[in-house]
Amino acid sequence: MISKLKTLAKLYLDGKPAEIAEQTIDAFCEWIMTEFQQLPFAVQASDFMGYETAAEMFADIEQGHLWESVENYDSEIYPNPFYGFALLAIHDYDHYLCQSDFSLEGEIAAYKEAANRATSLEMQKILYSEIVMKSAARIYLGYTPKSKVVFP
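Just so it is clear, the model here is predicted, and its values are computed rather than measured. (Residues numbered from 1 in each chain as written. Predicted model: local features only at pLDDT ≥ 70, side-chain atom pairs only at ≥ 80, totals over all residues. Heavy atoms only, no water.)

A. View of the packing of helix H5 (residues 104-117) against helix H6 (residues 121-141). It is the contact of H5 with H6, at a shortest axis distance of 10 Å, that shows an interaxial angle of 170°. The angle between H5 and H6 places the two elements in the roughly antiparallel class. Viewed along their axes, H5 and H6 form a crossing whose handedness is right-handed. Together, Leu104, Glu107, Ile108, Tyr111, Ala114 and Ala115 of H5 and Gln124, Leu127, Tyr128, Ile131, Val132, Ser135, Ala136, Arg138 and Ile139 of H6 make up the contact between the two elements. (Axes fitted to C-alpha atoms, helices over the stretch in contact; angles between N-to-C directions. Helix = DSSP H or I, 4+ residues; strand = E, 2+ residues; numbered from the N terminus. Parallel < 35°, antiparallel > 145°, perpendicular 65-115°, else oblique. Left-handed = near helix turned anticlockwise from the far one by under 90°. Contact = heavy atoms within 4.5 Å.)

Dropping the structure here:
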């Protein structure tokens, strides 16, 4: 799994940002809003709150709320930072749905949850970059890299 992690991380880090059609971005943002509105808990932004383990996050979700760190909202494809915030909450709920941790295997499992609901291949590719590839880069580097969408 180490070579897979390194390969995905390098593809993300060295890749050029993908060119994405405006209508795809619009459809993706609409999908994010629809998914976000269906979350069965309150999502709260925080400058300092984060989860060290998936179990901590699952416990909060079971109590009806989820904290999201404001430092993870950036992405050039979103018209405003709220979409990144909403996608992160959706993604964390996908971790909960499939009971997966924050390892590469866990990120892939959570990606599959979202990809199964995505309405196009283009959206699945964006999700793969945002979830699997960016997570691989984060695990590889030990910190979250600058956000971009990469289609290898």
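Alright, that's what it looks like, and here's the rest.
B. Representation of a nonpolar patch on the surface within the structure. A surface patch of nonpolar side chains, amounting to about 290 Å² of accessible area, comprises Tyr140, Leu141 and Tyr143. Of note, leucine 141 is situated in helix H6. (Patch = residues over 30% accessible without salt bridge, like charges linked within 9 Å, V, L, I, M, F, W, Y side chains within 5 Å. Areas by Shrake-Rupley, 256 points an atom, 1.4 Å probe, with all protein chains shown as cover. Salt bridge = Lys/Arg side-chain N within 4 Å of Asp/Glu carboxyl O.)

C. Representation of the pattern of salt bridges in the model. Summed over the entire model, instances satisfying the criterion amount to five salt bridges. Linking glutamate 76 and lysine 146 is a salt bridge whose minimum nitrogen-to-oxygen distance equals 3.3 Å. One end of the pair, glutamate 76, is in the loop between strand S2 (65-69) and helix H4 (82-98); the other, lysine 146, is in the segment after H6, with 70 residues separating them in the sequence. Accessibility assignment for this pair places glutamate 76 and lysine 146 in one class, exposed. Note that arginine 117 is salt-bridged to aspartate 94, the shortest N-O span being 2.9 Å. In this pair, arginine 117 is assigned in helix H5 and aspartate 94 in helix H4, connecting sequence segments 23 residues apart. The class for aspartate 94 is buried, based on a relative accessible area of 1%. A single network of salt bridges, built from pairs that share partners, joins Glu35, Asp94 and Arg117. (Buried < 20%, exposed > 50% of the residue type's maximum accessible area, 1.4 Å probe, protein only.)

D. Molecular detail of the packing of aromatic side chains. In this structure the tally under the stated criterion is 10 aromatic pairs. Between the aromatic rings of phenylalanine 28 and tryptophan 31, the centroid separation amounts to 5.9 Å while the plane-to-plane angle is 10°, which identifies the pairing as stacked. With a gap of three residues between them, phenylalanine 28 and tryptophan 31 both fall in helix H2 (residues 22-37), about one helical turn apart. Taken individually, phenylalanine 28 and tryptophan 31 each receive the classification buried, so the pair is uniform in this respect. Here the aromatic rings of phenylalanine 82 and phenylalanine 85 are separated by 5.6 Å at their centres, their planes lie at 45°, and the arrangement is tilted. In this pair, phenylalanine 82 and phenylalanine 85 both sit in helix H4, three residues apart, roughly one turn of the helix. Pairwise contacts between aromatic rings join Phe28, Trp31, Tyr78 and Tyr83 into one cluster. The ring of phenylalanine 151 is capped by lysine 125, whose NZ or CZ atom sits 4.6 Å from the centre of that ring. Over the aromatic face of tyrosine 12 sits the side chain of lysine 148, whose NZ or CZ is 5.7 Å from the ring centroid. (Phe/Tyr/Trp six-rings, centres within 6.5 Å; stacked < 30°, edge-to-face > 60°. Lys NZ or Arg CZ within 6 Å of the ring centre and 35° of its normal.)

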